[in-house]
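Here is how the chains run, residue by residue.
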Amino acid sequence: MRSVLPRPGSPGFRHTATSLAVLMVAAVFAVLGPVPTAGATTAGNVTGVTRTGDTFTVATTGKPTARITMARADIFRIWLSPDGTFTNDPAGSDLATRTSFGTVGATLTDAGTYWRIGTSAISLRINKAPLTFALYRADDTTLVWAESQPTSWTNQQTTQYLARGTDEQFYGTGLHLGEWALRDKTVPVAVSNQWTEGTNASPAPFYMSTNGYGVMRNTWAAGSYNFGAPTALTHNESRFDAWYFAGNSLKDVLNGYTDVSGKPFLAPVWGLELGNADCFNASNPSYSGDHNRLRHQTTPDVVGYATDARAADMPSGWFLPNDGYGCGYTDLPSAVSGLKAKGFNTGLWTSTGLSSINWEVGTAGSRAVKTDVAWIGGGYKTAFTGVQQAVDGIENNSDARRFVWTVDGWAGTQRNAVVWTGDTHGTWDAMRWHVPSIAGAGLSGLNYASGDIDGIYDGSPKTYVRDLQWKAFTPAFMTMSGWGATNPQAGYNDKQPWRFADPYLSINRKYLQLKMRLMPYMYTMSRVATDTGVPATRAMVLEYPNDPVARGNLTSGQFMSGDSFLVAPVVSDTAVKDGIYLPAGNWTDYWTGRVYTGPGWLNGYAAPLDTLPLFVKAGAIVPMWPQMNYTGEKPVSTLTYDVYARGNSSFSLYEDDGLTRAYQTGSSARQQVDVTAPAAGSGDVVVTVGASTGSYTGKPAARGYEFSVHSAAAPSAVRVGGSTLPALSGKAAYDAASTGWYFDAADRGGVVWVKAGSQSGAFTVTLNGVTVPAGTAIPQASGPIAQSAWKLVSADSQETVGENGAATNAFDGNSGTIWHTKWYNGAAALPHEIQIDLGARYDVDSTTYLPRQDGGVNGRIGQYEVYVSDSTTSWGTPVATGTFADTAAAKKVTFTAKSGRYLRLRALTEAGNRGPWTSVAEITATGKLSP
């Protein structure tokens, strides 16, 4: 935009019928939300409902007919057919693999203006005039969702419209790249293979709501979900077909969704170790990369890299020694056997298909497949079929489990494959949006979601280290070599973690070794996903659904790894982490043992390059293996339980052979561990270890047990059963003993180390006089209020025809965009104002106004007022007033802290008196969370 606005009569002020039409549509959309496409058809009115068992057919005034099938008391399907027939079912049984759970015994009632289908869990209303649906709880009073207008369709699209709740939040749509809380966002449910923020790497036609329901559209057609008001849910087909899942929690909804679309697969245990992909047959003339890479001339050269990894004492579990783009392989059996001797499994990456998979798996011994975009990049049914072929190729030719990676997924992919974020870059910004992307994928039941460590392109030692740190707390992760920058600085070569110099080498080793020690915990969390649909990598809302901060994108930069670890990745070049949100309860810093009491925001956390902000939930019981570089390197002769005793807690350890599909027929074991402890102060801690129940090949008849119990002081005595263990003088004596205990006050704030000896059945460990570490309330210092959660309440004027002057530009984090009040078709008079929802309640103590930075001067605010309030209808008196200078510099206004959720900035005059305009590049604010 020019620095001085066009004057009336100039070309910039001319308007046409087209521009007026655009303005009218924009105005209608702003008031009413999405409107039906011109020429769209609806079903009309209901003329009757008939039933056959638990299937109900709704007749209408025209051809369209609806069919409702009650599969379970909390699961049902609505299929609306424009032509009145139910033969057009493109998805068939691909997405909904289980459609019947036994007789439901639903009731049908004519309630006058609507028909009611009732079960023990829900009440579905079929409104008669016109046909719309509304879902209630079984009480027929508590609304879950309701159509705000009839579903409509054209020859190309069908859209359902839902009324949106006042504070309703939405999640899902697959591996959406970016923030996972979707209210007010329009999300593509479509494959673009762009792999940038705001796109969908592996879309799923599924979403769920904090109102307690989820929906899977039973379709292969692409779509778009607008989570505005109303919510408009569109797919590119002339039919409507959806499965609904009701639940009392988001976890309930995920369980129902995966009961129908399939539970997440259980990866082999080595699949949770680090994987590495590269071309080791670079001399192949058809290879599209560098043909002269050293140590990458024939496929067995990969064994040299495996040797390097073990020499560097670096945990890693599998290789893909070809990259698909003409690389191919030579002497695959030799490469497989050579890698196996070093503790690595082998997989293959294909861009052309699976014509040789029977031999590759059955004879050569390959055990994994990565399906490349060059083969399945069309997505939808194409990708789904390709993944299934890979699964069948592994499982029909071996007793191994499926382990497939795909770049394009859909609903149901969770039962077959790992999804990853595509060809991304090793930058701080890409790392920033990867955190919510991977955590958010779990909100669609995708237990295994990942992105190449440090991306496939670019990268640096620092970004590599930081990216690996947090991805070590996700189930599956992989490096992609051969495509990144060459030696951007000393110590950086390929993207395998052992190819770095110190300090990066040691830091990489630290986190890979920690993941290997945590393998029994991580593997158990993946089994939880297989049983319940609840992922191992969890957005904060899954564990804290009633916490208003955890429900939205204020916490999108952190996640829970399982039910015990809170991970807050560092995604910028800094040694200090701000904005870590700790929910209610006590949280132990994993590295220092310091205990924080939430809820609150932790700022100024010391996070040098080797430190990932990592916190453990009070009551956690974390099983750990001995240190090893790969599964099976050494026997698990001793199992360690890391115990953060506080109150009563429990953990159910899951174990099986880790390799075969025998677990599917019951070859597995469980061990229940219960802990009772004082909630605060001192008292006895009792750890009750149940017998390991069940059996599998390789299960030990007995094993040693060790406990690390966090305590602020030494206990007075420790017993195993009725036998008192000897108190040992220190670590050296402890290491040499077969049983006993000692207290290390310098270890993470105090740890009691206990060796209980070899045990074959149930036993109890009692620690007398343990002191539960006291929690420190998080210091509530004022800090920047994250703009990512802000929403526009209203703006009195904005220019959207002559330029993009949308009011949301005032807080989009981009100083290059602006909010500008209307000027193109007649300026609105001063004063002007903008009202902002901060996303939560804060004690606000300052706001900063940044004028436009594009060289323009008009619209700079002169006289102003600032308001903070809990209500947008009663603002009270301003917290600050004054006059800004007519300059481009940022202007900070400080004031006595005022509690409220809403911020209002009023521009009373224009600083240079150039016209009745207001412009803003950015508005920011500081404060702290307020109860």
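A brief structural summary. (Residues numbered from 1 in each chain as written. Predicted model: local features only at pLDDT ≥ 70, side-chain atom pairs only at ≥ 80, totals over all residues. Heavy atoms only, no water.)

**A look at the packing of aromatic side chains**
Two aromatic rings are characterised by how far apart their centres lie and by the angle between their planes. Quick reminder of the rule: Each aromatic pair joins two rings of Phe, Tyr and Trp (for Trp, the six-membered one) with centres within 6.5 Å, and gets the label stacked for planes under 30 degrees apart, edge-to-face for over 60, and tilted for any other angle. Secondary structure is summarised from DSSP: a helix means a run of H or I of at least four residues, a strand means a run of E of at least two, and numbering begins at the N terminus for each. To sort residues, take the accessible area from a 1.4 Å probe on protein chains only and compare it with the maximum for the residue type: under 20% means buried, over 50% means exposed, and anything in between is partly exposed. We count a charge as sitting over a ring when the NZ of a lysine or the CZ of an arginine lies within 6 Å of the ring centre and within 35 degrees of the ring normal.
For the structure shown, the criterion picks out 51 aromatic pairs. Plain terms: the ring middles of W145 and Y244 are 5.0 Å apart, the flat faces sit at 25° to each other, and that makes the pair stacked. Taken together, the positions of W145 in strand β9 (residues 143–153) and Y244 in strand β17 (residues 240–246) put the pair 99 residues apart, joining distant regions of the chain. Classification of Y244 as buried rests on a relative accessible area of 1%. Taking NZ or CZ as reference, K370 lies 3.6 Å from the ring centre of W349, over its face. The aromatic ring of Y867 is capped on one face by R904, whose charged end is 4.5 Å from the ring centroid.

**A closer look at the side chain of T60**
Definition in use: Nitrogen and oxygen atoms within 3.5 Å of one another constitute a polar contact, given that in protein one can donate a hydrogen and the other can accept it, and given that sequence-neighbouring residues count only through two side-chain atoms. What makes two residues a contact is simply this: any of their non-hydrogen atoms within 4.5 Å.
Within the secondary structure, T60 sits in strand β2 (residues 55–60). Side-chain polar atoms of T60 contact the backbone oxygen of A43, separated by 3.3 Å. Within the structure, the side chain of T60 is placed 2.6 Å from the backbone oxygen of P64, a separation counted as a polar contact. For T60, the contacting residues outside a window of four places in its chain are A43, N45, V46, T47 and L131.

**Overview of the sheet that holds β17**
Heads up, the condition is: Whether two strands pair comes down to DSSP finding at least two bridges between them. In this description, a line fitted to the C-alpha atoms serves as the axis of each element, helices being fitted only across the stretch in contact, and the angle between N-to-C directions of two axes falls anywhere from 0 to 180 degrees.
Read from one edge to the other, the open sheet built from eight strands follows the order β1-β2-β3-β4-β17-β14-β13-β11, with strand pairing classed as antiparallel. Of all strands in the sheet, those with a lone pairing partner are β1 (46–52) and β11 (170–176), marking the two edges. Ignoring which end each strand starts from, the neighbouring axes of this sheet average 20° apart. In the packing of helix α2 (residues 250–261) onto the sheet, the strands contacted are β3 (65–72), β4 (75–81), β11, β13 (200–209), β14 (213–217) and β17, and the crossing angle to β13 comes to about 120°.

**Concerning the packing of helix α9 (residues 461–471) against helix α10 (residues 504–517)**
Which entries qualify depends on this criterion: In these notes the angle categories are as follows: under 35 degrees is roughly parallel, over 145 is roughly antiparallel, 65 to 115 is roughly perpendicular, and the rest is oblique. Each residue gets one label: Ala, Val, Leu, Ile, Met, Phe, Trp, Tyr, Cys and Pro are nonpolar, Asp, Glu, Lys and Arg are charged, and the others, such as Gly, are polar.
Where α9 contacts α10, the axes come no closer than 9 Å and their chain directions differ by 10°. The orientation of α9 with respect to α10, classified from their angle, is roughly parallel. Residues P461, K462, Y464, V465, L468 and Q469 of α9 pack against Y504, I507, N508, Y511 and L512 of α10. The residue inventory of the contact of α9 with α10, partitioned by class, reads eight nonpolar, two polar and one charged.

**Digging into the nonpolar core**
Which entries qualify depends on this criterion: In plain words, nonpolar cores are sets of buried Ala, Val, Leu, Ile, Met, Phe, Trp, Tyr and Cys residues tied together by side-chain atoms within 4.5 Å.
Counting 183 residues, the largest nonpolar core has I68, F473 and F707 as the members making the most contacts within it. Not counting chain neighbours up to four residues away, the residues in contact with I68 comprise D54, T55, F56, V58, F76, R77, I78, I117, L124, I126 and F133.

**Comments concerning the packing of helix α8 (residues 428–441) against α9**
Close contact between α8 and α9 brings their axes to 11 Å; oriented N to C, the two are set at 10°. One element, α8, and the other, α9, form an angle in the roughly parallel class. Residues W428, M431, H434, V435 and I438 of α8 form the contact with α9, whose own contacting residues are K462, T463, R466, D467, W470 and K471. Looking at the contact of α8 with α9, its residues break down into five nonpolar, two polar and four charged.

**Concerning helix α3 (residues 302–311)**
The α-helix winds at 3.6 residues per turn, so residues separated by three or four positions along the chain end up facing the same way. So the rule is basically this: The arc in question is traced by the directions running from the helix axis to the C-beta atoms.
Every buried residue of α3 is accounted for by V302, V303, Y305, A306, A309 and R310. End-on, the buried residues of α3 take up no more than an arc of 155°, which puts them together on one face. Its buried side turned inward, α3 meets β19 (318–320) and α4 (332–341). Positioned one or two residues after α3, D313 has a phi angle of 55°, which is positive.

**Some details on α10**
Defined as follows: The length a helix should cover is 1.5 Å for every residue beyond the first.
In this model α10 runs 20 Å from its N-terminal to its C-terminal C-alpha over 14 residues, within 8% of the 20 Å that 1.5 Å per residue would give. Counted residue by residue, α10 has eleven buried out of 14 residues, so it is predominantly covered. Within the sequence span of α10, burial applies to Y504, L505, I507, N508, R509, Y511, L512, Q513, L514, K515 and M516. Check the buried side of α10 and you find it contacts β18 (274–277), α9, β28 (477–480) and α11 (519–532).

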